[in-house]
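# Structural description and commentary
Letter by letter, the chains look like this.
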Amino acid sequence: MTTLTAAAGQERARTLFPGVLACVVVAAASTFLAEHYGAPVMLFALLLGMAMNFLSGDGPCAPGIEFTARQVLRIGVALLGLRITIGQIAELGWQPVAIVVLAVVVTIGVSMVMAKLMGFQSLFGLLSGGATAICGASAALALAAALPAHPGKERATLFTVVGVSVLSTVSMIVYPMIAHAFGLDPRLAGIFLGATIHDVAQVVGAGYSMSPQTGDVATFVKLVRVAMLVPVIVFAVMLTRARTSDGSNAGGPRPPLLPWFVVAFAVLVGINSTGWLPAVVAKSGSDISRWCLVAAIAAIGMKTQLKELASVGLKPVLLMLAETLFLAVLVLALLRWAA
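Residues numbered from 1 in each chain as written. Predicted model: local features only at pLDDT ≥ 70, side-chain atom pairs only at ≥ 80, totals over all residues. Heavy atoms only, no water.

## Topic: helix α2 (residues 41-51)
Of all 11 residues making up α2, 8 are buried, and the element is well covered by its neighbours. Taken residue by residue, α2 has Val41, Met42, Leu43, Phe44, Ala45, Leu46, Gly49 and Met50 as its buried positions. (Buried < 20%, exposed > 50% of the residue type's maximum accessible area, 1.4 Å probe, protein only. Helix = DSSP H or I, 4+ residues; strand = E, 2+ residues; numbered from the N terminus.)

As structure tokens, then:
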């Protein structure tokens, strides 16, 4: 039995290897370009992956690409838990945490309503609103992993990642100027940047471009938003299960209430919070998480046709832009109220 299991595992590995290798190569190339040209690595991974979408057709790479887009993605999301600790959240005090929680909840709720009013499924509003409110491309991938499969899911995920990456880069440049214009001190500026800019890298870039204190606060606030992944994913799964049980999603299996990668995320946050984990292990896990997510988005790009992306129209663009502006205005209003 053990021999048969080992043989099956080897055969499975041989089947997946070409596609996984293709995704890793694209991830490496994307990382190189991002480091040398200063653009979001997720955006490079998407573009290069889409340029190689011929690999996802019938051929040796197809199984590995599918595996990377699903399972490697989940591993990357789970390892995000090594980026934060409970102590980091506690250091901020209750006001920034309350602002983050309220901003995330309200932004996702408004996004779902706006999506419905614009003729989309509310789950698309949950996907795009979650990406806007939590942590950009990583949140989009995590939510997509938790939502059930449907014909437009991968296109919606791809569009969300592209949109949030572009908007995050723009906000990294514009939001420090807004902080200056409103006369925010370093702490308040850090809260504003950390609570509004989508991706972690852009938060770090914007924060430390203003001052070390602003960068530290912005990074911690951003990590609080990352921690919101768990309750938001649980909400997404509960919503999906409710729709499945009432027949609106008939034909598909009900997802588990707590996907394994969400449990792993929470467990890793707890372990990282104990201080027992060596710093080199936490950093290595965070780096592996980044590589997994970049490889996964490359795989999603490989699975997407350009004509499908072009067919989304103007309304999704307007939706994501409205979500981004709403989040910025909401956080500024909350900061003024809390001051």
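Resuming the write-up.
## What to know about the packing of helix α3 (residues 62-79) against helix α13 (residues 279-302)
Viewed as axis vectors pointing N to C, α3 and α13 meet at an angle of 150°, and their least axial separation amounts to 8 Å. Here α3 is positioned roughly antiparallel relative to α13, judged by the angle of their axes. By crossing handedness, the relation of α3 to α13 is classed as left-handed. Where α3 abuts α13, its residues Ile65, Thr68, Ala69, Val72, Leu73, Ile75, Gly76, Val77 and Leu79 lie against Gly285, Ile288, Ser289, Cys292, Leu293, Ala295, Ala296, Ala299, Ile300 and Met302. A per-class count over the contact of α3 with α13 returns 15 nonpolar, 4 polar and no charged. (Axes fitted to C-alpha atoms, helices over the stretch in contact; angles between N-to-C directions. Parallel < 35°, antiparallel > 145°, perpendicular 65-115°, else oblique. Left-handed = near helix turned anticlockwise from the far one by under 90°. Contact = heavy atoms within 4.5 Å. Nonpolar A, V, L, I, M, F, W, Y, C, P; charged D, E, K, R; others polar.)

## A short note on the pattern of salt bridges
With the rule as written, the count across this model stands at 2 salt bridges. Two residues, Glu11 and Arg14, come together in a salt bridge whose shortest N-O distance is 2.9 Å. Residue Glu11 and its partner Arg14 are located together in helix α1 (residues 2-37), separated by 3 residues, close to a single helical turn. The partly exposed category is assigned to Glu11, whose relative accessible area is 42%. (Salt bridge = Lys/Arg side-chain N within 4 Å of Asp/Glu carboxyl O.)

## Concerning the nonpolar core
In this structure, Met42, Phe192 and Leu229 are the most contacted members of the largest nonpolar core, which totals 96 residues. Residue contacts for Leu229: discarding those within four places in its chain leaves Leu80, Ile134, Cys135, Ala139, Ala142 and Phe265. (Core = buried A, V, L, I, M, F, W, Y, C linked by side-chain atoms within 4.5 Å.)

## Focus on the side chain of Ser128
Structurally, Ser128 can be placed in helix α6 (residues 122-146). The exposure class of Ser128 is buried, given its relative accessible area of 0%. Non-local contacts of Ser128, meaning those with residues more than four positions away in its chain, are made with Thr160, Leu319, Met320 and Glu323.

## Considerations on the packing of α6 against helix α10 (residues 212-227)
In a packed pair of helices, the relevant descriptors are the angle between the two axes and the axis-to-axis distance. Contact geometry for α6 and α10: axes closest at 9 Å, N-to-C directions at 95°. Judged by the inter-axis angle, α6 sits roughly perpendicular to α10. Counted together, Thr132, Ala133, Ile134, Cys135 and Gly136 of α6 and Lys222, Arg225 and Val226 of α10 form the full contact between these two elements. In terms of residue class, the contact of α6 with α10 is built from 4 nonpolar, 2 polar and 2 charged.

## With respect to the packing of aromatic side chains
All told, the structure shown has 2 aromatic pairs when counted by the stated rule. Arranged with centres 5.4 Å apart and planes meeting at 40°, the rings of Tyr175 and Phe192 form a pair that is tilted. With a gap of 17 residues between them, Tyr175 in helix α7 (residues 153-181) and Phe192 in helix α8 (residues 186-196) connect regions that are remote in the sequence. (Phe/Tyr/Trp six-rings, centres within 6.5 Å; stacked < 30°, edge-to-face > 60°.)

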